[in-house]
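Chain by chain, the residues:
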Amino acid sequence: MTISELRKKFVEGSYTPVDALTDIQKVIDERDGTINAFVDVFDDAMASAEEATARYKTEGENAPALLGMPIAIKTNILIEGKRATASSKMLEHYVATYDATVITKLKEAGALFVGATNMDEFAMGSSTESSAFGITRNPVDESRVPGGSSGGSAAAVAMGAAVAALGTDTGGSVRQPASFCGVVGYKPTYGSVSRSGLIAMGSSLDQAGPLTNTVADAEIIHNIISGKDPLDATTINADTYPLVPLKDTYRIGVPRDFLGTGIDADVSAVFESTLTKLKEAGHEIVDVTLPLMEKGLAAYYIVMPAEVSSNLGRFDGVRYGLHVDGADLLDDYMLTRAQGFGEEVKRRILLGTYVLSAGYYDSYYGKAEQVREMMRDELDAVFKDVDILLTPTSPVPAFKIGEKSDPLSMYLADIFTVPANLTGVPALSIPAGTVDRDGVLLPVGVQCIGPHAGDARLFDFGKKMNGEL
Ligand code: GLN
């Protein structure tokens, strides 16, 4: 069900938050032993569902917009009194002492939190295989990954264990798992959603975004969690960027040069058939050239580890989480970080420290930041000509568990998603079709990219494209 369908039933009383949570608990009992979408299922959820059910009886239509809506939250987003683990041994026993701003806003809207979802450790990965709490499986095909890093959130929505979920997206971590699991995923304009209370990965790239069954639901959640926040100086105002108008039909740019190689043929076919449908619906499709976009991956895998190495410096065994006693203070640090962090996290801290070190800063980090600036200019220029850009979300459908054990081959899967994070523009992944792998039909998503602050336009276009308008 969608948020608006649930809402209608909750108001009528024909299906209550208690009914919804009871059904969800059944799904979790039946499937989550295998899927492992959740790191924690919250034991106070039923009490909240009972309270919400009672409130609908007295408040009816006046009840807050998300009252009793079962929502799952990625385990790197702080909820006061709950564990926020980032799926790392480092934070296995860390209990949040305050609410992230996105959580405060969801609470004000009445949301019911089902549980905390599994992810790649500290959001580093595209498969949810690097979690310290076991892998998550794709509900569509349990031999495959759900994507990542918000794989638990995508799996939770796809298997019906939540009506919506929050994820975080640093380089595609909401959009790619959405594509792999057949749900909608949204990465907002950088700064439109507060990062206060998110466990940071790459601060200039991170945004929290919704995973939902429909574009309309993503819009509902986004509109609730977004807004200027005094706790995050990078949040934008309504007038930070020029107004992005909505239109009846849109002029859509396809960056053909960027879509050149490495895409599975049947994923390409789904993308092309989406273009045909859009043309039939009256939208205009034009080819555009974006020569810098293919440099995005190289720039991302410099900028992101640099920020990771800095952000993860705080996990020193003193301030948060795990502490391992050594012979002296330095030994404490070394033992704690050696035992607390997994392999991928260590790899990125090492890479990041290297590219920031004196002597290498200019040739790596400085250059990557220059490329990033040029990519931003290139996108700003193309959005003077077209309203929206369209690409596949991922060059491949969900891959097999263990298939991408070489980190470089995993990184390549992010080719289409990282440009939006590097440049700060919003991007939306919508299920567009399926491809057959070993007799199973796997979902494939198409990514719509908009100009800065073009969030409302993306939702409008996305609803049209997804047949919701
Ligand atoms: N897959 C990308 C990475 O490994 C993106 C991760 C993310 O968006 N958090 O860095």
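Sequence order sets the numbering: in each chain, residues are counted from 1 along the sequence as written. This being a predicted model, a pLDDT of at least 70 is required before a residue's local features are given, and a value of 80 or more before pairs of side-chain atoms are given or counted; all residues contribute to the totals for chains, interfaces and linings. Heavy atoms throughout the structure, all of them, feed into the side-chain values; hydrogens and water do not.

The protein chain is annotated in an unreviewed UniProt entry as Glutamyl-tRNA(Gln) amidotransferase subunit A. Listed in UniProt under the heading Catalytic activity (unreviewed entry), the comment for the protein chain reads: "L-glutamyl-tRNA(Gln) + L-glutamine + ATP + H2O = L-glutaminyl-tRNA(Gln) + L-glutamate + ADP + phosphate + H(+)". UniProt positions are given in the numbering used here, feature names are shortened, and annotations may be inferred rather than shown by experiment. Heading Function (unreviewed entry) of the UniProt record for the protein chain holds this comment: "Allows the formation of correctly charged Gln-tRNA(Gln) through the transamidation of misacylated Glu-tRNA(Gln) in organisms which lack glutaminyl-tRNA synthetase. The reaction takes place in the presence of glutamine and ATP through an activated gamma-phospho-Glu-tRNA(Gln)."

Undergrad: Tell me about the overall build of the protein chain, and name the residues and values.
TA: Scanning the protein chain from terminus to terminus reveals 15 helices and 11 strands. Taken over C-alpha atoms, the radius of gyration is set against a globule rule of 2.2 Å times the number of residues to the power 0.38. Relative to a compact globule of 469 residues, whose C-alpha radius of gyration would be 23 Å, the protein chain shows 21 Å and is just as compact. Principal-axis analysis of the C-alpha atoms gives the protein chain an extent of 65 × 60 × 50 Å. When contacts within the protein chain are restricted to residue pairs at least 6 apart in sequence, long-range pairs at least 24 apart make up 76% of them. Surface exposure here means Shrake-Rupley accessible area, sampled with a 1.4 Å probe, where a residue is shielded only by the protein chains that are shown. Entry remark: accessible area of the protein chain is about 17700 Å², with carbon and sulfur atoms responsible for 53%. The way it works is that DSSP assigns letters per residue, a run of H or I at least four long becomes a helix, a run of E at least two long becomes a strand, and they are numbered from the N terminus. Two residues form a contact once any of their heavy atoms are found within 4.5 Å.

Undergrad: I'd like a description of the site of the ligand, backed by residues and values.
TA: We call a residue near a molecule or strand as soon as one heavy atom of that residue lies within 4 Å of the molecule or strand. Taken together, the neighbourhood of the ligand is formed by 16 residues, with Thr 170, Gly 171, Ser 173, Tyr 300 and Arg 348 sitting nearest. Counting of polar contacts relies on pairs of N or O atoms within 3.5 Å, with two restrictions inside protein: one atom must be capable of donating a hydrogen and the other of accepting it, and residues adjacent in sequence are counted only when both atoms are side-chain atoms. For the ligand, an oxygen atom lies 3.3 Å from a polar atom in the backbone of Gly 172. Ranked by residues supplied to the shell around the ligand, first place goes to helix α9 (residues 296-311) with three residues. For the shell around the ligand, a count of residues per class yields six nonpolar, seven polar and three charged. We call Asp, Glu, Lys and Arg charged. Ala, Val, Leu, Ile, Met, Phe, Trp, Tyr, Cys and Pro are nonpolar, and the rest, Gly among them, are polar.

Undergrad: Break down the sheet that holds strand β7 (residues 251-255) for me, citing the residues and quoting the values.
TA: Here a strand pair is declared whenever DSSP counts at least two bridges between the two strands. With mixed pairing, the 11 strands of this open sheet are ordered in space as β1-β3-β2-β4-β6-β5-β10-β11-β9-β7-β8. What marks the edges here is a single partner per strand, and that holds for β1 (38-41) and β8 (284-288). The mean angle between the axes of side-by-side strands here comes to 30 degrees, regardless of whether they run parallel or antiparallel. Strand direction decides the pairing type here: strand β5 (residues 184-187) and strand β6 (residues 207-212), joined by two bridges, are antiparallel. Bridge assignment links Gly 185 to a residue of β6, and that residue is Leu 211. Those strands touched by helix α7 (residues 215-225) are β2 (70-74), β4 (164-169), β5, β6 and β10 (427-437), and its axis lies near 145 degrees from that of β6. Helix axes are fitted only over the stretch in contact, all axes being lines through C-alpha atoms; the angle between N-to-C directions runs from 0 to 180 degrees.

Undergrad: Break down the packing of α9 against helix α12 (residues 362-382) for me, citing the residues and quoting the values.
TA: Orientation of α9 relative to α12, taken along the N-to-C sense of each, is 125 degrees, at an axis distance of 9 Å. One element, α9, and the other, α12, form an angle in the oblique class. The way α9 lies across α12 gives a crossing that is left-handed. Here α9 contributes Gly 296, Ala 299, Ile 302, Val 303, Ala 306 and Glu 307 to the contact with α12, which in turn contributes Tyr 364, Tyr 365, Ala 368, Glu 369, Val 371, Arg 372 and Met 375. Across the contact of α9 with α12, the residue classes break down as nine nonpolar, one polar and three charged. Angle categories: roughly parallel below 35 degrees, roughly antiparallel above 145, roughly perpendicular from 65 to 115, and oblique for all the rest. Crossing handedness follows the turn of the near helix against the far one: under a right angle anticlockwise gives a left-handed crossing, and clockwise gives a right-handed one.

Undergrad: Would you mind going over the environment of Ser 429 in detail, with residue names and values included?
TA: Tracing the backbone through its elements, the reader meets Ser 429 in strand β10. Accessible area is worked out with a 1.4 Å probe on protein chains only. A residue is then buried under 20% of its type maximum, exposed over 50%, and partly exposed in between. Accessibility expressed as a relative area gives 0% for Ser 429, which makes it buried. Measuring from C-alpha to C-alpha, the distance between Ser 429 and Pro 177 comes to 9.5 Å, with 252 residues separating the pair along the chain. The residues touching Ser 429, leaving out its near neighbours within four places in the chain, are Arg 175, Ser 179, Val 183, Val 184, Gly 185, Thr 393, Gly 445, Val 446 and Gln 447. Side chain to side chain, Ser 429 and Thr 393 meet in a polar contact 2.8 Å long.

Undergrad: Account for the pattern of salt bridges, naming residues and giving values.
TA: What makes a salt bridge here is a side-chain nitrogen of Lys or Arg within 4 Å of a carboxyl oxygen of Asp or Glu, nothing more. Overall, the coordinates contain 28 salt bridges when judged by the stated rule. A salt bridge links Glu 142 to Arg 31; the shortest N-O distance between them is 3.1 Å. On the criterion of sequence distance, the pair formed by Glu 142 in the loop between β3 (112-117) and α5 (151-158) and Arg 31 in helix α2 (residues 17-35) is long-range, its members being 111 residues apart. For Glu 59, the salt bridge goes to Arg 55, with nearest N and O atoms at 2.7 Å.

Undergrad: For the UniProt feature "domain: Amidase" (unreviewed entry) in the protein chain, give the residues involved together with the corresponding values.
TA: UniProt feature "domain: Amidase" (unreviewed entry): in the numbering of this structure it lies at residues 24-458. The span residues 24-458 is 36% helical and 15% strand by assignment, and the distance between its end C-alpha atoms comes to 30 Å.

Undergrad: Can you lay out the UniProt feature "active site" (unreviewed entry) in the protein chain for me, pointing to particular residues and giving the numbers?
TA: Taken from the UniProt record, the annotation "active site" (unreviewed entry) applies to Lys 74, Ser 149 and Ser 173. These residues run over 100 residues, yet every pair of their C-alpha atoms falls within 11.0 Å of each other. Relative to the helices and strands, Lys 74 resides in strand β2. Note on Lys 74: relative accessible area 0%, which makes it buried. Beyond its immediate sequence surroundings of up to four residues, Lys 74 is in contact with Thr 117, Met 119, Ala 123, Ser 149, Ser 150, Ser 153, Leu 166, Gly 167, Thr 168 and Ser 173. Tracing the chain through its elements places Ser 149 in the loop between β3 and α5. Residues within four places of Ser 149 in sequence aside, it is in contact with Lys 74, Asn 118, Met 119, Asp 120, Ala 123, Met 124, Gly 125, Thr 128, Thr 168 and Ser 173. In terms of polar contacts, Ser 149 uses its side chain to reach the side chain of Lys 74, at 2.8 Å.

Undergrad: Lay out helix α15 (residues 455-465) in plain terms, naming residues and giving numbers.
TA: By the criterion of burial, α15 is predominantly enclosed, with nine of the 11 residues buried. Taken as a whole, α15 has its buried residues at Asp 455, Arg 457, Leu 458, Phe 459, Asp 460, Phe 461, Gly 462, Lys 463 and Met 465. The first or second residue beyond α15 is Gly 467, which carries a positive phi of 70 degrees.

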